[in-house]
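Chain and residue survey
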Amino acid sequence: MSLYRLFLRSLQQSATKCPSKLNNSLPPPSLAAPCSSRSFAFSSAEEAAAERRRRKRRLRTQPPPGSLTRDPTAPPPRPDPNALRLPDSTSRLTGPRLNLHNRVQSLIRSGDLDSASATARQAVFSNTRPTVFTCNAVTAAMFRARRYDDAIAHFQFFFRQANIIPNVVSYNILINTHCDAGHVDTAIDVYRYMLENAPFSPSTVTYRHLVKGLVDSNRISEAIDFLREMLNKGQGADSIVYNTLMDGFIKLGNMEKALELFEELKERCLVYDGIVHATLMEAYFVKGMEKEAMDSYRELLGRQFNMNAVTCNTLLVVLMKYGKMNDALALFDHMLEAHKPLSFIAVNTDSYNLMVNEYFRLRNIEEAIAIFKKTGPKPCTIDVEGYNNIIGKLCAEDGWVEEAEKLLDEMYVKSVNPDVKTFEFLIDAYFREGKTDAGLRCFNKMVNPPVEAVKPTLSIFGTSVTSREEQGVKASVGFYNKVIIGLVERQRFEDAQEVLRKMSEKQVKPDLLSYESLIMALCREGKLDQIRYLLDGMAKHGVALSPLLHETVSNAFGKAGWSEATGRLFQQSNGNIQSSDSSAYAPQFQQVGNNFCIKQ
């Protein structure tokens with residue numbers, strides 16, 4: 001046995017002296033013993049110690065590789081029924097739920113709130129349930145339309161009956177709705193309920209709505225209490241809340257308390273919204289203290305705040321209201337210079353509208369057009385509402401409708417899509433001035449836009465160009481009826497019938513008014529062939545004749561000896577005569593509740 005041990009010891013010593021001879025018998029480096037390989041892995045002891053520290057640090061900060069992968073054969077963990085449910089995050093707004101949200105938003109932007117509401121409510125019972133963002137969009141749209149009962153009912157439906165978890169924006173919309181509806185105590189109940197049950201804290205916007213509601217209800221002392229509660233809960237000193245309170249004290253004649261709040265605001269935050277200076281300026285101007293008002297304005301400019309478009313617009317209103325037009329122009333020029341789209345918005349469409357409206361009030365139309373076309377280093381994109389504002393004012397003035405039509409052509413060049421209101425201003429102005437042909441030219445631009453206005457669309461086969469007819473402005477039947485009546489009053493019967501034909505091309509269904517004025521005029525003129533053609537159109541579209549229209553047509557055909565033809569025409573329409581007391585009934589969304597209900 002001792003000889004065997006001596007033999008093994010000699011083999012180990014020979015392997016140490018000549019390792020190359022036993023390479024084939026050694027295990028791979030990864031499987032070698034730590035003590036045999038570590039002495040050859042580093043050039044120095046310091047490097048080995050550094051590697052050991054790195055390894056230990058990595059083991060402390062990173063979990064083992066196997067801990068991140070779950071066994072695929074293991075059953076999924078059961079959800080905790082007692083876990084607190086949280087509102088949807090933006091990551092949930094993807095796929096079909098994002099498509100639903102975009103569809104609802106499109107209906108809201110088009111003004112069809114009932115269809116947007118129906119789409120969102122029906123989705124609650126489908127596989128694609130709406131997110132809290134879609135529910136907020138519908139509720140906020142009802143609030144903006146001053147349909148307060150519908151806004152409250154939608155909150156009840158989405159967040160109480162459908163059991164969708166509301167977020168802080170949902171509660172803010174409900175609080176704002178109750179405050180504007182005059183139910184301030186109910187809004188406070190919503191706030192207390194949110195404090196006790198919601199998994200989040202109220203935001204600064206929450207206190208804005210509550211303070212404004214209390215100030216409007218002449219409960220300013222309670223509004224001060226909410227200001228202190230906002231500060232005690234760790235919220236910052238919001239300048240909008242301070243401004244609301246300052247405005248309330250100013251209206252009560254307590255200028256000292258308003259200035260005290262202003263000084264407190266300046267102590268609490270170095271940068272605040274310039275709207276508070278607009279409130280102070282208004283108060284000074286009302287009291288005839290013009291010097292103090294302008295000193296407050298210059299103090300604001302001296303602070304060199306980056307004021308956004310909303311703040312600057314408020315200052316513009318005050319300056320122009322009290323005759324400081326030069327200062328307003330200087331501020332507007334500064335806004336144009338400071339405007340840097342995407343990173344900072346210093347001017348918007350409302351800014352242009354304020355300046356244009358003031359120049360029209362001063363009867364300086366040339367300056368209004370010049371200020372509308374004025375731009376800075378980076379031009380502001382004016383939307384269709386801005387163009388409609390100046391086009392409507394130009395059309396209301398005698399002799400300026402051609403200038404308004406030039407702005408319409410400019411809209412096409414700048415890729416701003418005109419809407420029905422744009423053409424309604426122009427056509428009404430042309431008809432009023434007796435320029436029927438020019439009005440028809442505008443109408444044709446609406447249904448068949450210029451070639452430069454036709455934009456390419458993407459299809460699965462690449463880029464394609466949509467026809468002009470497909471890209472025309474979609475107008476309601478009421479707009480077409482106004483054009484038809486205007487043409488009938490000017491004895492342009494063939495053009496009126498052409499407008500009827502355009503309605504069919506645009507898939508707009510005519511109603512009784514679309515035919516009645518034209519047929520009555522043709523009966524007076526004795527143009528029976530054209531009347532027969534129009535009656536065929538009424539039968540095709542399922543439009544019922546009114547008793548007056550039925551009697552007028554019967555008398556006109558009877559005088560011409562065409563009574564049998566009249567009978568056949570009425571027989572084709574199946575005797576469809578509208579009753580004089582008929583009325584349309586549109587089902588509305590049934591309100592769930594008028595007040596906020598605490599869920600038991």
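Residues numbered from 1 in each chain as written. Predicted model: local features only at pLDDT ≥ 70, side-chain atom pairs only at ≥ 80, totals over all residues. Heavy atoms only, no water.

Concerning the overall build of the protein
Each helix and strand counted, the protein has 29 helices and 2 strands in total. When burial is assessed residue by residue, the protein has 44% of its 600 residues classed as buried. Considering only residue pairs separated by 6 or more positions, the protein has 64% of its internal contacts joining residues 24 or more positions apart. When the accessible surface of the protein is summed, it comes to about 34100 Å², and 52% of that surface belongs to carbon and sulfur atoms. (Helix = DSSP H or I, 4+ residues; strand = E, 2+ residues; numbered from the N terminus. Buried < 20%, exposed > 50% of the residue type's maximum accessible area, 1.4 Å probe, protein only. Contact = heavy atoms within 4.5 Å. Areas by Shrake-Rupley, 256 points an atom, 1.4 Å probe, with all protein chains shown as cover.)

Examining the packing of helix H10 (residues 204-216) against helix H12 (residues 239-251)
Packed helices, taken two at a time, are described by their axes: the angle between them and the distance between them. Closest axis-to-axis distance for the H10/H12 pair is 9 Å, and the angle between their directions is 5°. Relative to H12, the element H10 lies roughly parallel. Contacts from Tyr207, Arg208, Val211, Lys212 and Val215 of H10 reach H12 at Ile240, Val241, Thr244, Leu245 and Gly248. Along the lines of polarity and charge, the residues of the contact of H10 with H12 split into 6 nonpolar, 2 polar and 2 charged. (Axes fitted to C-alpha atoms, helices over the stretch in contact; angles between N-to-C directions. Parallel < 35°, antiparallel > 145°, perpendicular 65-115°, else oblique. Nonpolar A, V, L, I, M, F, W, Y, C, P; charged D, E, K, R; others polar.)

Describing the pattern of salt bridges
Taken as a whole and assessed by the stated rule, the structure comprises 40 salt bridges. Across the pair Lys482 and Asp428 runs a salt bridge, and its minimum N-O distance is 3.4 Å. Taken together, the residues span a long stretch of sequence, with Lys482 in helix H24 (residues 477-489) and Asp428 in helix H22 (residues 420-432) at a distance of 54 residues. In this structure, Asp495 engages Arg492 in a salt bridge whose closest nitrogen and oxygen atoms are separated by 2.8 Å. Exposure remark for Asp495: the relative accessible area of 23% places this residue in the partly exposed category. Through salt bridges that share partners, Glu263, Lys266, Glu299 and Arg303 make up one connected network. (Salt bridge = Lys/Arg side-chain N within 4 Å of Asp/Glu carboxyl O.)

Let's talk about the environment of Cys380
Looking at the secondary structure, you find Cys380 in the loop between helix H19 (365-372) and helix H20 (384-396). Each C-alpha atom, one on Cys380 and one on Asn348, is 6.6 Å from the other, the two residues being 32 residues apart in sequence. If near-sequence neighbours (up to four positions away) are discounted, Cys380 is found in contact with His339, Val347, Asn348, Thr349 and Tyr352.

Comments concerning the UniProt feature "repeat: PPR" (unreviewed entry) in the protein
Residues given the UniProt feature "repeat: PPR" (unreviewed entry) here are residues 167-197, 203-237, 238-268, 308-342, 383-418, 419-453, 476-510 and 511-545. The span residues 511-545 is 80% helical and 0% strand by assignment, and the distance between its end C-alpha atoms comes to 10 Å. (UniProt positions renumbered as here; feature names shortened; annotations may be inferred.)

Topic: the packing of aromatic side chains
Evaluated as defined, the whole model comprises 17 aromatic pairs. With centroids separated by 5.6 Å and ring planes inclined at 70°, the aromatic side chains of Tyr191 and Tyr207 adopt a geometry described as edge-to-face. One end of the pair, Tyr191, is in helix H9 (residues 184-197); the other, Tyr207, is in helix H10, with 16 residues separating them in the sequence. Given a relative accessible area of 1%, Tyr207 falls into the buried group. Through successive ring pairs, a cluster of aromatic residues spans Phe125, Phe155, Phe157, Phe158, Phe159, Tyr171 and Phe200. (Phe/Tyr/Trp six-rings, centres within 6.5 Å; stacked < 30°, edge-to-face > 60°.)

A closer look at the nonpolar core
One finds Leu245 and Ile519 to be the most contacted residues of the largest nonpolar core, which totals 160 residues. Leaving out residues up to four positions away in the same chain, Leu245 has contacts with Val211, Val215, Ile220, Ala223, Ile224, Leu227 and Leu261. (Core = buried A, V, L, I, M, F, W, Y, C linked by side-chain atoms within 4.5 Å.)

Observations regarding the environment of Ile173
Mapped onto the elements of the fold, Ile173 is located in helix H8 (residues 168-180). Given the relative accessible area of 12%, Ile173 is considered buried. Separated by 29 residues in the primary sequence, Ile173 and Arg144 have C-alpha atoms spaced 10.0 Å apart. Apart from residues lying up to four places away in sequence, Ile173 is in contact with Asn136, Thr139 and Ala140.

Details of a positive patch on the surface
There is a patch of like positive charges on the surface, built from Arg52, Arg53, Lys56, Arg57 and Arg60. If you trace the backbone, Arg53 turns up in helix H3 (residues 45-61). (Patch = residues over 30% accessible without salt bridge, like charges linked within 9 Å, V, L, I, M, F, W, Y side chains within 5 Å. Lys, Arg positive; Asp, Glu negative; His and termini not counted. Charge placed at Lys NZ, Arg CZ, Asp CG, Glu CD.)

So, the confidence of the model for the protein
Close inspection of predicted coordinates is inappropriate in any region flagged by low pLDDT. Here the protein averages 84 in pLDDT, and 81% of its residues register 70 or above. Per-residue pLDDT stays below 50 along residues 579-600; that stretch engages in 36 contacts with residues further than four places along the chain or on separate chains. (pLDDT = per-residue confidence, 0-100.)

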